[in-house]
Structures are given as C-alpha cells and as structure tokens.
Amino acid sequence: MDHPIEAPHATRLATLPSAGTQNSCKIDVNGFQVDAVDSEYLIEAINRSGINVPHVCYHTRLGPIQTCDTCMVEVDGKLVRACATKVVGGMTVVTETSAANAAQREAYDRILANHVLYCTVCDNNNGNCTVHNTAAMLKVDHQTYPYRPKPYETDNSNPFYRYDPNQCILCGRCVEACQNVQVNETLSIRWEDDHPRVLWDGGETIGGSSCVSCGHCITVCPCNALMEKSMLGRAGYFTKLPSDTLWGMIDIVKAVEPEIGYGPILQLSETEAAMREARVKKTKTVCTYCGVGCSFDIWTKDRHILKVEPGEGAANNISTCVKGKFGWDYVNSHDRLTKPMIREGESFREASWDEALDLVAWRLNEIKAQHGPDAIGYISSSKCTNEESYLMQKLARAVGGTNNIDNCSRYCQSPATQGLFRTVGYGGDSGSISDIAQAKLVMIVGSNTAEAHPVLATRVKRAHKLNGQRLIVADLREHEMARRADIFFRPKPGTDMVWLSALSRYMFDNGLARTEFLTQWVNDVDKYRDSLAPFTMEFASRVCGVPMETLTRVAQEFAAAESACILWAMGVTQHCGGSDTSTAISNLLLVTGNYMRPGTGAYPLRGHNNVQGASDFGSMPAYFPGYEKIADEEAFARYEQGWGVKLPRNKGLDNHEMVEAIHAGKLKAMYVIGEDMYSADSNANYVGDAFSKLDFFVVEDCFFTLTCRYADVVLPASPSLEKEGSFTNTERRIQRLYQAMEPLGESRPDWQIIQDVANRMGAKWVYTHPADIMHESASLAPMFAGVTYDRLAGYKTLQWPVAVDGTDQPLLYTEKFNFPDGKAKLYPLEWIEPCETVDSEFDVHLNNGRMLEHFHEGNMTYRVPGIHAETPHGFVEVSPALADDLHLVTGQWVDVTSRNGELRTQVVVTDRVHEKQAYMPLNRPQHPVNLITGNKTDRATHTPAYKETTVKMKTLPWKGPDPLPPLNFRHGHPTPQRGVEVERKWGRSDYRIPGGDNGLVQIQTGQRKG
Ligand code: SF4
Ligand code: SF4
Ligand code: SF4
Ligand code: FES
C-alpha cells in the first residue's frame, strides 16, 4: 500500500535539489532553529540537534527502512516518519505533540509484542541496545500488547551466530544490510506469513543457506535477536545461567512488571551494563587479513574475544567479511609459538630470548664477516606493521649493510606497481573505495573481488544493484562478480594485455580517445599510438578467444562511461607479462581520460592487510621508504645522515633472486619475518631445497609454519591484536591499530624483536613505542612527512602522500601526475606469449587463488574452528566438461601433476570453471598449491607466474564426500530482492499506521542512499 502524498508537499518535492547535494538550510524543530542539509533525512537533522526522537529501524548506514513507525513527528501539522522524510529548508517540525507521542508509544508497544525485555540477563545489555534505549527514552512503564512468542526455534546452525525469532522485532535492518549493503541477498521477511520472521534463503537453516557469515546483519540488529555466539553467556554477569534458572528469573521479572513498571527493571539492567564496562575492553584495531583495511572495535574479556563491532572505519563503516568479523580465534590457538626455539639436529629445543637473540646476532655477524653483507637476505612481512617494515629494511641496510630486503608484494603486487610507475608515477590506487562506488562503470580484470576483497566488492555490488553502475568482468572463472556483471568474458589465460591494448587502439581509431585530456596531461601519445598497430580487434579476438562483438561492446561501453575505474589483482599480475598487462590497464585509463576525477582511476587490489605498507616503508631492494630510489643521491645522503651510518649502494636481491642466490651458493643466511615463504613462493620444492642449503636461517612467526621446518632459530612473534602500529590499506590509507591483549606466553611484537636483533648486532636503537618509529620515518620520507600518531588517533586516517601540515590525498592525481613535468606517460608494449601453455601431455590449465573464508596459505584461518568447519579441505574445481572427459564426480580423488611437482586432492565439479581449466584454492596447509607451480616469473619484476601452470590429471579410484560440506555457503540459494520491501508489511490487513485519526502523511517516500 502506498501512502498518500499531499499535493502541496508533492509540489515542494519537485523543487528539491537532488539527493547528495550539500545545501545547508535551517528548519524549525520544537521552536528551535536547527541546521540541516536540504534533502537529507529529517531524523539526521533532529539527531544532530540533540533532540531525542525514537528511531528503532532507522540506521544511518542503511537509510530509511520504515518498519517500526517509532519516529513519528509532526511536520507542518502532519504526522510523518522522520526517518523517511527529506528535509526542506524552512519546514516546521514538532517532535513532542500528543499525536506524535501517542504514535511513537503505540509503535513501540507493538515492538514489545515481539520482544521480552530481560535486559539484566541479556548478553546484548551493553549500553548500546537500541530496543532497550528506546524503552528508556520513551519512559515505557507498562506493556500494552502482550508478548506473543513466534512458533519457531532458535537457529543455532551457523558456527558464528544465532538467530532467536522470539526476540526478533521484525525491524528488517538485517534484511536491508544483507540485501543492499553486503548484497549477499540471503535474508528476507515474508510479510504475508501469519508469523513473519527473518528467513535465510527463503526458509533454509542458517547453516544450510547462502549466508557468508559476514556479520552485517548482527552488527545492525538493534537487539539480541541476532547475536555472536562468542558473546553468549560471556558478556554479562548473569548471562551464563542455566536456561531453566534464566527463564525462571525472566518470569519473575515479567510477573512484577505490571506492579512496579519497567522503570526500576530497566534501571537495574543499566547498573549491570555499567558494571560490564569494567571488564569488557573495547580496542580499535585494523583487520589482519586482506588489503581492504576494515577497522573496528574488538571487544575482549581477558583473552576471550567477545565480538567485533564495526561502525566508524573509513574503509568499511558497518561492513566486515567473515574473516574480520569472526576470524580471530587463531590468536588463542593451542599451537601458537610462545618461546624461542633453536635447532638441535633434526628437532628444536626451547630457548630463552637471550640465548636465541645472541645466537641470531652472532651468526649473522659471523656470516657477514665471512662472506660479506650481501650473503644475507632479509624478508619483511606484509602482515606486519608499517613500523616493523621500516625497521626490517633499516636492519638490512643500516646494520646488515645490504639492500637484500624484500616482502611478499613480490608475489602479487609488484607488477601492478610497475605498471603504474611506468604510466602515472605512483605505485598505489589512484583513488579511494568511495571512488569505485561512485564510478559509472567498473571493469574488473583477473580479480575474484567478492572473495579476495569482500568488503570492497560489496561497494561495487551495491552500486550495481541500486545505482545503475555498469559492471564488466574479464576472468577465467565465473565467480560471483562475473555472475553479476553486465558483460562477462573469458580471455584465454595470460592474454589480457592484448584485448586491453586493442581497446586502446579502438578508442583512437573510432574517435573515442579523450584527446583534450591526452594533449594536456599525457606524454608519448603518438609513440604509443604507433605501437598499437598490431592490436586490432581481429587480432585480439583471435589471441584472446573472445568474440569481436563482445570486445567491441566492451570498448563502446567503456568509452561511453562518464567515469570508469579498473580493478585488477593476481589474475593479471601473476603472469610472465603481469607488468605489461598492468601497464595496458593504465594506458587504457589514460586514453579514455579516466584519471584525475572522482570515480575514475586504477585500482590494483592489494592482497594482504599491509602489502601496500610493507613496500611503502622500504622493504624493497631498490627503494628507501616512500619509493625513493637507492640510486637517488639526495635520498641516499639523507638516509646516511639520518641513520648515522654508511649505507650500501649495490643493487639488492628481491626474494625470487634470493632463492636463486642460495642455489648458486651466494646467499648463506636469511632472516624472514611473518612470511611462510615455502608455502607462498612458487615451486615450493625448489624453495625448500634452497632453504635446506642455508648456513643459517631465522624465521620469526606466530606459528610453526612449513618454512620453520628449515630454520635454525624460530622466534615467536605476536599477531596484530597483541601490538600497536599502523597498516596501510589498498587505498593508501594509513590506519592505527591498538593493543587489545598482552602477547601470549613469551611471544613479542616484531618491532621489539627486530630492535633486539639490531642492537645485538651492534646498533644502538632506542625505540620505546611504534610512534617513535613512525616519527623517524616521517622525518626522512617526504611521502609521509605529515604522518603522526596524533593525526592517526582512533579512527582517523591519512592517505599518502601526506604533506607536512597533514594534508593527505584521497584522490591521488588532482593537479599533476607523479613525473617531473606533471604529465603521465603512455607506455608502448609488445605482445609476448605466456611462458607456459597447455600441450598434449600437460593439457589442463591450472588457475589458483583465494577463497572468501580462508586467507592466503591458511595459517591463520585454519586455526579458526568455525571457518575450519565450513571449509575443512582443499580441492580442485573442474568443469563439467572436464569431469566428463576424466570420469570425475565431486568428491573423487585425483593426482594433479605439473612439470614441477604433484598433489593429491579431491574434485569439486562446477561450472565456475570451464573447458580444460581447473582452479585450486591456494590455502591448503601441508599441501600448498605451490608444490606444483613453477619458476617462471614476470619479466619486469620477478613476480612468479603462478597463474601460468599447466597440469595433467589422473583419476584415482577413490571417492569421498563433497569436500565442501553442507555448511558451506556455496551450496545456498540466495533470494535477491530490493531490500526489506516494507510495502508488503503495510499491505497486511492487520497493519494500521500508528497515530489514529492523526494518521501518517508521508511527505516523501524514502529513497535509498547510493
Ligand atoms: S550474508 Fe549472512 S551474515 Fe551476512 S548479512 Fe547476510 S545473513 Fe547476515
Ligand atoms: S533479526 Fe533482523 S529483523 Fe529481527 S530484530 Fe534483528 S535486525 Fe531486526
Ligand atoms: S578480510 Fe578484508 S574485507 Fe574482510 S574484514 Fe578483513 S579487511 Fe575487511
Ligand atoms: S525509524 Fe523506524 S519507521 Fe522511522
């Protein structure tokens, strides 16, 4: 049922500026002049003014849902929902009329028919329960409508959270979040049911549904209907009571309520909530998994993690994925390393820190003296903090005397950085996630964004679903983003550079190139245009195996888009031509003028939480922090002076070259922090052989990884929750993390260990806190000149480069590109075939990559019981066609053999892959996919060509159950709809607008925020 819109208001609506404009105005609220913004939701302006109006279903990040009716106010004499009414300058609002108050109370009474206020024994009684706080705000004393339980059981089938229908007030926030923020489209409410409730996949159990356990729904739930299981029985003083006792107490409270009213009952619960403050610690941290950089408060009670509460993070606000929301149990894993260990023959013995550190320093100094400083290699970690990366490269250069320092961006991101260095000058995303969200067109190349960068993907999914953003996806695999795309095509493996270049040529040939932009901002246009001669659409179609019509359509859509972003990841970079393809992407963006404006640009999606920062802060052989070249005399002199030592000038080795140098007998020792190189580098057998040849090997980590097996000394490090520092996400956004708990056992933060090693090797470092390290870094690297811990306090962030006065750059290129003349460069490219293609023996192309629920090699996520339960095994995906050929069914065991090694695994038959292409998740502890990847690398950066692996498959005579258990979300069937569809609730015969005769007049119906 649509609500009537009065003609005069409709006229006024027609003159409103479009949503999103920032025209400030004044409105009259209860006789006060209140600042507002034209066309914002009235509830926002009222909230800011400090006047209290209840609003249960409204959530700033979700926009109007209009299910609860508690926000009734009078506008110009008519009753309206404040949450869905847009501000018009000069409007008169009264929040306290008898009609409004009666309507608010009536609406809240209806909520209590669905919810028992047992706050004192509720784990959600933490001062932030909307249902509780609204009862207090409205001074609810008695309940008009009796509580009516719903005829459904609590659903406990998900490992991480539970749904209690009997506490569910049917506000629909969870549905809105799932449908339109996370856009997993699992949740709905069937308003027509006798007893509506929240449904997963239309009526499935949570555990059997498509729910990806991202936690959006729990985060926005205004009460305890959806709760993290880690909270239950743990948050409150009285919440661990046995069920019988608990319900006995609840019944007593309910029995006295008619007599004493809710006032004293709520007061008691507020006292209990205040007592919780003393024992529940809330610490702001930054996710330790992917490069999206979600930040949130983590609630802990001693070492127990109660929950993760997002809300203020610049990259994510209310969003998380399963890893950030629920993937933290590994910090308490029984097999955390808690003591240093020293090799004795074939095994290890525990040692004191003094003994272990003395040994490390002595052996590194000895090898340096014997074989020279370049006989030692240092590997920093993209899971460690910026400050730790800075110290690790300083250790290598200033103490070790070598530029042999690298980090795992070599395994994924270096080619993207190289492509951007060649064309636009900075090796980082050219804008922010908000630019991606507002782009009119997003093109994704070689990125399984929904699984590898889940929260960033939600912004694309939402913009595509609600705001008409166009989506083009090029990938080998039909993953979620491909399924959602307006155009999806599958270029042959390793050929993306060709179709991208053909698109650029098409733009020139058809008058679609942005010539004004090119003339003003780009060098080498003619040279580049000449280089495009071979890249006709016919050529691209032939090489890439994509129909000409598809490529032409893509070119035309791309050219026509008012603003476009290109996102890419390891499907592009992990090829022999990874740098060239990244360059081709940036070339195309330049040709079409898609830089220097909001909603445009290049977005190489950074994989690890701090892979951006590890490179930014200098853990690369050729660069000081801030990408200043070692060969740059001015920078070199600055660092020599700043550090007070002579620095090495000779070229350092990257991590690929280090492995080669060990085999060549030139590299004798390594110090690796936070990196399971054996599992993460390609050709694990070759890497393992190298490690076994080292004279001395130090590994610093939280767990005894496969790499540790080769170590002489293993040093126990602390994960992110146990230390302070900062991470830099894919948007170049530097964010602080704070210590949530003490280091476990004798483990220590890496920055302390590195300092201890340095000082025992002869340095005199005196850093007392990571802030000291950031301060030094900012004083030396112009890119971070204005970075201070104060400017990063709490949820404040900075996106580099940061000027001395603290001005940062969310959009990277506004006034110039990062070259001396301020102009970008078009970079000519030549097509070179992939270095490994299928032949008659190795006839299957093997792709590999991440999964939503596991991270990278799985060292952390396999130690999270809930994630392990959802996805306990490795597997290989094969297409129905290949399965037919090889007589394979899901669950069948196969031997997968490449030119470099072999693996035994189970098969999942799926149309996500096609023809003779297979896909293997890279996380499988003990049996990493890199046992079969090879030694070929990107020509420019030495990033392994993981994605250029061909294999043969042998069917084995054993079959087990599906390696993806029924609990896995991939078996689910989402139920997409455009939100909570409140109109269906309004259409129920038993629905009445609260407010009686003064019934509601909707001035404007709510519109979704983009
Ligand atoms: S996917 Fe699952 S956890 Fe995420 S919002 Fe939807 S129902 Fe909630
Ligand atoms: S479960 Fe969903 S509909 Fe029910 S109270 Fe929570 S957010 Fe509202
Ligand atoms: S893994 Fe990535 S998307 Fe998921 S919560 Fe962490 S930072 Fe966010
Ligand atoms: S806040 Fe629920 S209808 Fe307005």
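The preceding data block contains the structure.
A. Inspection of the site of ligand 2 at higher detail. Neighbouring residues of ligand 2: 14 residues in total, closest Cys168, Cys171, Gly172, Cys174 and Cys221. Among the residues forming the shell around ligand 2, the class breakdown is 12 nonpolar, 1 polar and 1 charged.

B. How the structure looks around the environment of Gln612. Within the element layout of this structure, Gln612 appears in helix H24 (residues 611-616). Assessed through its relative accessible area of 2%, Gln612 is described here as buried. Spatially, the C-alpha atoms of Gln612 and Phe727 are 8.4 Å apart, while their sequence positions differ by 115 residues. In this structure Gln612 touches Gly427, Gly428, Arg606, Tyr627, Thr728, Asn729 and Trp800, once residues within four positions along its chain are discounted. Polar side-chain contacts of Gln612 include one of 2.9 Å to the side chain of Asp616.

C. Structural context of the nonpolar core. Ranked by internal contacts, the top residues of the largest apolar core, which has 125 residues, are Leu395, Met443, Trp499, Tyr595, Tyr671 and Phe817. Tallying contributions element by element places helix H17 (residues 496-509) first for this core, with 9 residues. Among residues more than four places away in sequence, those in contact with Met443 are Ile472, Trp499, Leu500, Leu503, Val554, Phe558, Cys565, Ile566, Leu567 and Leu588.

D. Inspection of the pairing of strand S21 (residues 564-568) at higher detail. Among the 5 residues in S21, 5 count as buried, and that is most of the element. Alternating residues of S21 divide into Ala564, Ile566 and Trp568 and Cys565 and Leu567, and every residue in both groups is buried. Where strand S17 (residues 441-445) meets S21, 5 bridges bridge the pair, whose relative direction is parallel. Within S21, the residue paired with Leu441 across the bridge is Ala564. Pairing of S21 with strand S22 (residues 601-604) involves 4 bridges; the strand directions are parallel. Considered in S22, the bridge of Leu567 is made with Tyr603.

E. Just helix H20 (residues 537-544), in detail. Within H20, 6 of the 8 residues are buried, which leaves the element mostly enclosed by the surrounding structure. Gly545 lies just past H20 and shows a positive phi near 70°.

F. Representation of H17 in the model. Relative to the 20 Å expected for 14 residues at 1.5 Å per residue, H17 spans 20 Å between its end C-alpha atoms, a close match to the ideal helical length. When you tally the buried positions in H17, you get 12 out of 14 residues, the bulk of the element. By the burial criterion, the buried members of H17 are Asp496, Met497, Val498, Trp499, Leu500, Ser501, Ala502, Leu503, Ser504, Tyr506, Met507 and Phe508.

G. Structural detail: the packing of aromatic side chains. What the rule picks out here adds up to 38 aromatic pairs. Ring geometry for Trp328 versus Tyr330: centroids 6.5 Å apart, planes at 25°, classification stacked. Here Trp328 falls in the buried class, since its relative accessible area comes to 1%. Taken together, the aromatic side chains of Phe421, Tyr426, Phe517, Trp521, Tyr595, Tyr623, Tyr627, Trp800, Tyr813 and Phe817 make up a single cluster linked through ring pairs. Seen from the ring of Tyr152, Arg197 lies directly overhead, with NZ or CZ sitting 5.3 Å from the centre. One cation-aromatic arrangement involves Lys307 over Trp299; the distance from NZ or CZ to the ring centre is 4.4 Å.

H. Fine view of the site of ligand 3. With respect to spatial proximity, the complete set of residues near ligand 3 consists of Cys287, Tyr289, Cys290, Gly293, Cys294, Cys321, Lys323, Gly324, Pro454 and Val455. Listing elements by their share of the shell around ligand 3, those giving two or more residues are helix H9 (322-326) and helix H15 (454-466). Considering only residue class, the shell around ligand 3 consists of 7 nonpolar, 2 polar and 1 charged.

I. Fine view of the layout of surface pockets. Empty space within the second largest pocket amounts to approximately 760 Å³. Within the residue set of the lining of the second largest pocket, elements represented by two or more residues are helix H4 (130-137), helix H6 (216-220), strand S9 (226-228) and strand S12 (304-309). Looking at the lining of the second largest pocket, the element that brings in the most residues is H4, giving 4 residues. Split by residue class, the lining of the second largest pocket holds 15 nonpolar, 11 polar and 8 charged.

J. Layout of empty space enclosed by the protein. Under the counting rule described, the total for this entry stands at 15 cavities of 30 Å³ or more. One number sums up the size of the largest cavity: a volume of about 310 Å³. Gly446, Ser447, Asp475, Gly571 and Lys947 are, among the 25 residues lining the largest cavity, the residues nearest its centre. For the lining of the largest cavity, the secondary structure elements donating two or more residues are helix H22 (570-573) and strand S32 (844-849). Put simply, the second largest cavity is a space of about 230 Å³.

Quick notes on the rules
The residue numbers shown here count from 1 along each chain, following its written sequence. Starting at A for chains and at 1 for ligands, labels are handed out in the order in which the entities are written. In keeping with the model being predicted, local features are shown solely for residues with a pLDDT of at least 70 and side-chain atom pairs are shown and tallied solely at 80 or more, while totals for entire chains, interfaces and linings include all residues. Note that water and hydrogens are dropped before the side-chain values are worked out from all heavy atoms of the structure. Residues are classed as near a molecule or strand on a simple rule: at least one heavy atom within 4 Å of it. Only Asp, Glu, Lys and Arg are considered charged in this grouping, and only Ala, Val, Leu, Ile, Met, Phe, Trp, Tyr, Cys and Pro are considered nonpolar; every other residue, Gly among them, is considered polar. For helices the rule is a DSSP run of H or I covering at least 4 residues; for strands it is a run of E covering at least 2, with both sets numbered from the N terminus onward. Burial status follows relative accessibility: with a 1.4 Å probe on protein chains alone, a residue under 20% of its type maximum counts as buried, one over 50% as exposed, and anything between as partly exposed. For this analysis, residues touch if any pair of their heavy atoms sits within 4.5 Å. Contacts described as polar in this section are N or O atom pairs within 3.5 Å, which, within protein, must combine one atom able to donate a hydrogen with one able to accept it, while residues neighboring in sequence count only if both atoms come from side chains. As used in this record, nonpolar core signifies buried Ala, Val, Leu, Ile, Met, Phe, Trp, Tyr and Cys residues forming a set joined through side-chain atoms within 4.5 Å. When DSSP locates at least two bridges between a pair of strands, those strands are taken to pair. Each helix should span, by expectation, one fewer than its residue count multiplied by 1.5 Å. Working definition: a ring pair exists when centres of Phe, Tyr or Trp rings (six-membered ring for Trp) sit within 6.5 Å. Plane angles under 30 degrees give stacked, over 60 give edge-to-face, the rest tilted. Think of it as a cone above the ring: NZ of Lys or CZ of Arg counts as a charge over the ring if it is within 6 Å of the ring centre and within 35 degrees of the ring normal. Lining residues are those with an atom within 4 Å of a point, where the points come from a 1 Å grid over the protein atoms alone and group into cavities, where a 1.4 Å probe fits but cannot get out, or pockets, open sets with protein on both sides within 12 Å along at least five of seven lines. Grid points are joined across faces, edges and corners, and a volume is the space filled by probe spheres set on the points.

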